[in-house]
Amino acid sequence: MDTESSPTSSIQVSIQEAQQNESANGSTPTPSTSLNRQTKQSTSPKRKRSETIIMIFVFCFVMNAFNGQKIIQSVSSSMEYYYSELTDGQQQTKNKTEDTAIVITSSSIPSHPSTYMVDMVVNSTERLIGLSPTAPIFIMIDHFRYSNFKDIPPELEERINSLEEYTMNLLKQHLTNPRIHVIPASKNLHIGGSVMKAMYLISQHYPTVRYLYYLQHDFFFFKDIDHTALINVMDMYPNTINYVRFPKRAPWRIHRGCKNATDITYNTTVRSVDVSGSGEVSGDVDLESGDGVNSEKAPPQPPSDPSTLTLYPTNAYSDNNHLVRFDWYKDTIHSLQKLNRAPEDPLQKRAFNGCFQGSNRGDNIVGLFLYPDMCIGHLDGRHTANAPG
């Protein structure tokens, strides 16, 4: 098998031939020739070093020529593997299958650093029957207003420490759970700002989300909610239902009606069961048991078909727990402009105007409906300091 001679051996042969030719030339050297030879002899070590450097350079060049393609292929293969790992991670982050997300807002309350209340809210999302078990949950931790603490530095410091400890407790519980994202704030955002911040993150990382549950940190579900049926009916009425409010008190006590909107009855997929089994749990709930301590009884109602539920149109917007159409909600909250406040006040006025004033203002909102059952309990985070944990 023929082999190619390397450029380094060719250079060596050429040098040897030149030296032999010079020795075979029998001419008498001239003074200039003698001087040149003396110079060559005197610089021989330097020349040898130069030749060695040249040979090394040529050797490296040849190796690169022979093996360069292989090296490039190897490096390219390594880079492709590296970037494929990054891409896989991005695909996992940008979940393209979830259609519903949950946002829970929380803020500084006396029971911190206990996470008991928000834990009850998170756990109660298991009552959203049919909701994907990997639906993302964003727990927003809002800062407080420094204006509340004028001339009270010790209390301010205590609140800061409690809020930080609460944040750490949440992170310790949920940091390795890919479903739950704990998002602290470095300034007071209030409900509007916290929700808007969460929705921007959801848009970026869960681009297929179409629906959103908004939950407050001290309102938990005590009764099963047929998530599948709710999404089905919202899909059936894409231009009619934008918002479904979950009542904390008897639904018949919340104002119904909006223009010519009619009740919407839909088929259920599960039977609803409440915590106590009584069906009469009210907004005030015992922290230890989760049971209602003040029950409200509705006026006598005709027996209802358990295989159906009815959504009632309402003009009563509330920041209490609700399910919304994601794009509609994002546009509505963004339109507030001033976000560091509770959306309830301005949106209640817009809902009333949209239903009864006949105004053509572009910021009026319609499509609000009321869930037919009292289904959330209130832990009263603002005034409760003795939460377990």
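About the thresholds
- Residues numbered from 1 in each chain as written.
- Predicted model: local features only at pLDDT ≥ 70, side-chain atom pairs only at ≥ 80, totals over all residues.
- Heavy atoms only, no water.
- Helix = DSSP H or I, 4+ residues; strand = E, 2+ residues; numbered from the N terminus.
- Buried < 20%, exposed > 50% of the residue type's maximum accessible area, 1.4 Å probe, protein only.
- Contact = heavy atoms within 4.5 Å.
- Areas by Shrake-Rupley, 256 points an atom, 1.4 Å probe, with all protein chains shown as cover.
- Phe/Tyr/Trp six-rings, centres within 6.5 Å; stacked < 30°, edge-to-face > 60°.
- Lys NZ or Arg CZ within 6 Å of the ring centre and 35° of its normal.
- Disulfide = S-S within 2.5 Å.
- Pairing = 2+ DSSP bridges.
- Core = buried A, V, L, I, M, F, W, Y, C linked by side-chain atoms within 4.5 Å.
- Axes fitted to C-alpha atoms, helices over the stretch in contact; angles between N-to-C directions.
- Expected span 1.5 Å × (residues − 1).
- Arc of directions from axis to C-beta.

## A few points about the overall build of the protein
Counting its secondary structure elements, the protein contains 9 helices and 13 strands. The buried share of the protein, taken over its 389 residues, is 41%. Within the protein, contacts between residues separated by at least 24 positions form 84% of all contacts whose residues are at least 6 apart in sequence. For the protein, the accessible area works out to roughly 22,300 Å², and carbon and sulfur atoms hold 52% of it.

## Here we look at unusual backbone geometry
That bond from His112 to Pro113 is cis: its omega, 20 degrees, falls within 30 degrees of zero. Non-glycine residue His190 carries a positive phi angle of around 60 degrees. Within the secondary structure, His190 sits in helix 6 (residues 190-205). Even without a glycine there, the phi angle at Gln337 is positive, about 65 degrees. Topologically, Gln337 is positioned in the loop between helix 8 (326-334) and helix 9 (344-357).

## Some words on the packing of aromatic side chains
Overall, the coordinates contain 7 aromatic pairs when judged by the stated rule. With a centroid separation of 6.2 Å and an interplanar angle of 20 degrees, the aromatic rings of Tyr213 and Phe246 are classed as stacked. Residue Tyr213 is found in strand 5 (residues 211-216), and its partner Phe246 is found in the loop between strand 8 (243-245) and strand 9 (264-267); the two are separated by 33 residues along the sequence. Judged by its relative accessible area of 0%, Phe246 is buried. Where Trp328 meets Tyr329, the ring centres are 6.5 Å apart and the plane angle is 20 degrees; that geometry is what we call stacked. Taken individually, Trp328 and Tyr329 each receive the classification buried, so the pair is uniform in this respect. Here a set of aromatic residues connected by ring pairs shows up, and it is made of Tyr213, Phe221, Phe246 and Tyr371. The ring of Tyr312 has Arg256 sitting right over it, with the charged end atom 3.8 Å from the ring centre.

## Observations regarding the state of the cysteines
A complete count under the given rule lists 1 disulfide for this structure. With its sulfur 2.0 Å from that of its partner, Cys258 forms a disulfide with Cys355. Measuring the twist about the S-S bond at about -95 degrees, one finds the Cys258-Cys355 disulfide to be left-handed. Of this pair, Cys258 sits in the loop between strand 8 and strand 9 while Cys355 sits in helix 9, and the two are 97 residues apart along the sequence. By relative accessible area, which is 8% here, Cys258 ends up buried.

## So, the pairing of strand 1 (residues 100-106)
The element strand 1 is extensively covered by neighbouring structure, given that 7 of its 7 residues are classed as buried. Pairing of strand 1 with strand 5, which is carried by 6 bridges, proceeds in the parallel orientation. Residue pairing in the sheet places Val103 in a bridge with Tyr214 of strand 5. As paired elements, strand 1 and strand 3 (residues 137-141) share 5 bridges and run parallel to each other. Pairing of Val103 across the sheet is with Phe138, part of strand 3.

## Structural notes on the nonpolar core
Residues Tyr213, Leu230, Phe246, Leu311, Leu323 and Tyr371 are the most contacted members of the largest nonpolar core, which totals 50 residues. With 6 residues, the top contributor of residues to this core is helix 4 (residues 116-124). Of all hydrophobic cores here, the second largest spans 27 residues; its members include Met140, Ala198, Met199 and Val209.

## A short note on the sheet that holds strand 10 (residues 308-313)
The strands making up a sheet associate through hydrogen bonds between their backbones, and the pairing can be parallel or antiparallel. Here we have 9 strands laid out as an open sheet, ordered 4-3-1-5-11-8-12-10-9, and mixed in their pairing. Bordering the open sheet on either side are strand 4 (180-184) and strand 9, each of which pairs with just one other strand. Pairs of neighbouring strands in the sheet enclose a mean axial angle of 25 degrees, with direction left out of account. The pairing of strand 9 with strand 10 spans 4 bridges and is classified as antiparallel.

## A short note on helix 9
Over its 14 residues, helix 9 extends 19 Å from the first C-alpha to the last, a length consistent with the 20 Å expected when each residue adds 1.5 Å. Here helix 9 has its buried residues at Pro346, Leu347, Arg350, Ala351, Gly354 and Cys355. Taken down its axis, helix 9 places every buried residue within 160 degrees of arc, on the same side. Of the residues in helix 9, the exposed ones pointing more than 90 degrees away from the buried face are Asp345 and Lys349. As for helix 9, its buried residues are in contact with helix 8 and strand 12 (368-370).

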